[in-house]
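# Structure assessment
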Amino acid sequence: MASRSDLKEASLRRILTAGASRLRVEGLDGAAIAPVMNEAGLTHGAFYAHFNNKDELAAAAFRFALLDNRPRWTGQATKESWPSRLVRLGKRYLTMAHRDDLADSCALAALASDAARSAPGFKIVYEEELRKSLRAICIPHDDGNLIDPERLDDAIAFMAVCVGGISLARAVDDPVFAQHILEVCRQAVERMAPPDSASPTHAEGPDHARTRDNARNDEY
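These numbers come from a predicted model, not from an experiment.

Reading the values: rules and limits
Residues numbered from 1 in each chain as written. Predicted model: local features only at pLDDT ≥ 70, side-chain atom pairs only at ≥ 80, totals over all residues. Heavy atoms only, no water. pLDDT = per-residue confidence, 0-100. Contact = heavy atoms within 4.5 Å. Helix = DSSP H or I, 4+ residues; strand = E, 2+ residues; numbered from the N terminus. Expected span 1.5 Å × (residues − 1). Buried < 20%, exposed > 50% of the residue type's maximum accessible area, 1.4 Å probe, protein only. Salt bridge = Lys/Arg side-chain N within 4 Å of Asp/Glu carboxyl O. Core = buried A, V, L, I, M, F, W, Y, C linked by side-chain atoms within 4.5 Å. Axes fitted to C-alpha atoms, helices over the stretch in contact; angles between N-to-C directions. Parallel < 35°, antiparallel > 145°, perpendicular 65-115°, else oblique. Left-handed = near helix turned anticlockwise from the far one by under 90°. Nonpolar A, V, L, I, M, F, W, Y, C, P; charged D, E, K, R; others polar. Phe/Tyr/Trp six-rings, centres within 6.5 Å; stacked < 30°, edge-to-face > 60°. Patch = residues over 30% accessible without salt bridge, like charges linked within 9 Å, V, L, I, M, F, W, Y side chains within 5 Å. Areas by Shrake-Rupley, 256 points an atom, 1.4 Å probe, with all protein chains shown as cover. Lys, Arg positive; Asp, Glu negative; His and termini not counted. Charge placed at Lys NZ, Arg CZ, Asp CG, Glu CD. Disulfide = S-S within 2.5 Å.

### Remarks on the confidence of the model for the chain
With 86% of its residues at a pLDDT of 70 or more, the chain shows a mean pLDDT of 87. For the stretch residues 202-218, pLDDT sits under 50, and the model shows 40 contacts to residues farther than four places along the chain or on other chains.

### Digging into helix α4 (residues 82-93)
Helix length check: α4 (twelve residues) gives 17 Å between terminal C-alpha atoms against 16 Å at 1.5 Å per residue, within 8%. When we look at burial in α4, the residues that qualify are W82, P83, R85, L86, V87, R88, L89, G90, R92 and Y93.

### Things to note about the pattern of salt bridges
For the structure on display, the rule yields 13 salt bridges. Residue E80 pairs with R85 through a salt bridge whose shortest N-O separation is 3.3 Å. Since its relative accessible area comes to 10%, E80 is described here as buried. Classification of R85 as buried rests on a relative accessible area of 0%.

### Section: the nonpolar core
By size, the foremost hydrophobic cluster in this structure holds 58 residues, and its most contacted members are F62, Y93, L94, L111, I137, F158 and M159. At the level of elements, α1 (4-26), α2 (33-40), α3 (54-74), α4, α6 (107-110), α8 (120-138), α9 (149-171) and α10 (175-192) are the ones that each hand at least two residues to this core. Element by element, the count of residues in this core is highest for α3, at nine residues. If sequence neighbours within four positions are ignored, F158 has contacts with W73, L86, L89, G90, I137, V189 and M192.

### Topic: the packing of α1 against α2
Packed helix pairs are characterised by how far apart their axes lie and by the angle those axes make with each other. Between α1 and α2, the least distance of the axes is 8 Å, while the angle of their chain directions is 120°. Classified by the angle their axes make, α1 and α2 are oblique. Helix-helix and strand crossings are classified by hand; for α1 and α2 the assignment is right-handed. Residue-level contacts link R14, I15, A18, G19, S21 and R22 of α1 to P35, V36, M37, E39 and A40 of α2. Across the contact of α1 with α2, the residue classes break down as six nonpolar, two polar and three charged.

### As for the packing of α3 against α8
Orientation of α3 relative to α8, taken along the N-to-C sense of each, is 10°, at an axis distance of 11 Å. Taken together, α3 and α8 sit at an angle that is classed as roughly parallel. Listed contacts from α8 to A58, A59, F62, R63, L66, R70, W73 and T74 of α3 are F122, V125, Y126, E128, E129, K132, S133, A136 and I137. Residue composition of the contact of α3 with α8, by class: ten nonpolar, two polar and five charged.

### Quick notes on the packing of aromatic side chains
Under the definition given, this model contains six aromatic pairs. An angle of 20° between the planes, with centres 5.5 Å apart, marks the rings of F62 and Y126 as stacked. You can see F62 sitting in helix α3 and its partner Y126 sitting in helix α8, a full 64 residues away along the chain. An aromatic cluster is present here, built from F47, Y48 and F51 joined pairwise through their rings.

### A look at the environment of G27
With respect to the helices and strands, the residue G27 is situated in the loop between α1 and α2. Between the C-alpha atoms of G27 and A115, which are 88 residues apart in sequence, the distance is 9.1 Å.

### What about the side chain of R22?
Take R22: it is sitting in helix α1. Among residues more than four places away in sequence, those in contact with R22 are G27, G30, P35, V36 and E39.

### Re a negative patch on the surface
Judged by side-chain charge, D148, E150, D153 and D154 come together as a negatively charged surface patch. Within the secondary structure, D153 sits in helix α9.

### Overview of the state of the cysteines
Inspection of every chain in the model, using the stated rule, returns zero disulfides. For C162, which is in no disulfide, the shortest distance to another cysteine sulfur is to C185 and amounts to 8.0 Å. Given a relative accessible area of 0%, C162 falls into the buried group. The exposure class assigned to C185 is buried, which follows from its relative accessible area of 13%.

Below you can see the structure in the form of structure tokens.
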């Protein structure tokens, strides 16, 4: 029989799963308490066993969304040069499948506009998660090393192209035009990171999300 703490942890995960999905589809407005609890299959009163207010839920659900998506996107069991890594990640991110699957998409892209208009508290959380993603791009399977400043600049430019490209592709109605936007952004990543003799990124360990990656045909 499950313990009280196990049941509480399970209910929290259900809330965060529902909240993360609603955030990515509806933005910060999606973190309203009643619909999140309804989707989680829990009573409204159970919310206060975990959070004090909607803002706490939004921050926790946003972190939870990145906790799942970040390693799925950046983690691979391979050695590669830095330019090759950026090109590969760009090809995985800038796809029509990612554009269309809002509920399981990159929370950084889904919440960028909302974060820009949000209170300072959520901006702080957004910035912390963005920095984690930039670090994961630069240093796969983090070993505690400092990020090379030039690679960090590359990663910032790369994320700007990826997040901007996905956002523009979602903002237009014509799927052919959306596909063209994504293709142009993939080409921009290739121009940013031309093949060269750059040293490999750190050797990466086993990717525990690899089975799911294969099912997604190596897309985001």
